[in-house]
Amino acid sequence: MDRFILLMMASILAGFALLKVPLEGTFLAGLEPFTNIIGILAIVIFSLVLLYKGLMALLGKK
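Residues numbered from 1 in each chain as written. Predicted model: local features only at pLDDT ≥ 70, side-chain atom pairs only at ≥ 80, totals over all residues. Heavy atoms only, no water.

Draft legend 1. How the structure looks around the overall build of the protein. Across its full length, the protein carries two helices and zero strands. For a compact globule of 62 residues, the expected C-alpha radius of gyration is about 11 Å, and the protein comes in at 15 Å, more than 25% above that figure. Structurally, the protein occupies a C-alpha span of about 50 × 15 × 10 Å along its principal axes. Expressed as a percentage of the 62 residues in the protein, the buried residues total 18%. Taking the intrachain contacts of the protein between residues at least 6 apart in sequence as the baseline, contacts between residues at least 24 apart amount to 61%. Split by element, the accessible area of the protein, about 5100 Å² in all, is 76% carbon and sulfur. (Helix = DSSP H or I, 4+ residues; strand = E, 2+ residues; numbered from the N terminus. Rg over C-alpha atoms; globule rule 2.2 N^0.38 Å. Buried < 20%, exposed > 50% of the residue type's maximum accessible area, 1.4 Å probe, protein only. Contact = heavy atoms within 4.5 Å. Areas by Shrake-Rupley, 256 points an atom, 1.4 Å probe, with all protein chains shown as cover.)

Pasting the structure below:
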């Protein structure tokens, strides 16, 4: 179970990194809106999964 939680935390961190990556001046500058959307979705989805797993652990359910 610890590996799953660490994987979710790493995914949230990757989402924040994707939001902060500078793409100006590169050939990927046109993809910046897409990388922002993917980063935001990664943060929200994996945070919700962690919240769900935490609530289920508090309630004593698997």
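Moving on from the model shown.
Draft legend 2. Summary view of the packing of helix 1 (residues 2–20) against helix 2 (residues 32–59). Two numbers describe how helix 1 lies on helix 2: the axes approach to 8 Å, and their chain directions differ by 155 degrees. Classified by the interaxial angle, the pair formed by helix 1 and helix 2 is roughly antiparallel. Here helix 1 and helix 2 pass one another in a crossing that is left-handed. Contact with helix 1, carried on its side by Phe 4, Ile 5, Met 8, Met 9, Ser 11, Ile 12, Gly 15, Phe 16, Leu 18 and Leu 19, involves Thr 35, Asn 36, Ile 38, Gly 39, Ile 40, Ala 42, Ile 43, Phe 46, Ser 47, Val 49, Leu 50 and Lys 53 of helix 2 and no other residues of that element. Partitioned by chemical class, the residues of the contact of helix 1 with helix 2 number 15 nonpolar, six polar and one charged. (Axes fitted to C-alpha atoms, helices over the stretch in contact; angles between N-to-C directions. Parallel < 35°, antiparallel > 145°, perpendicular 65-115°, else oblique. Left-handed = near helix turned anticlockwise from the far one by under 90°. Nonpolar A, V, L, I, M, F, W, Y, C, P; charged D, E, K, R; others polar.)

Draft legend 3. Representation of helix 1. In a regular helix each residue adds 1.5 Å, so 19 residues correspond to 27 Å; helix 1 covers 27 Å between its end C-alpha atoms and thus fits that length. Among the residues of helix 1, those classed as buried are Met 8, Ser 11, Ile 12 and Gly 15. The arc enclosing the buried residues of helix 1, seen along the axis, measures out at 95 degrees, which places them on a common side. Every exposed residue of helix 1 that faces more than 90 degrees away from the buried side is listed here: Asp 2, Arg 3, Leu 6, Leu 13 and Lys 20. Tucked into the core, helix 1 has its buried residues touching helix 2. (Expected span 1.5 Å × (residues − 1). Arc of directions from axis to C-beta.)

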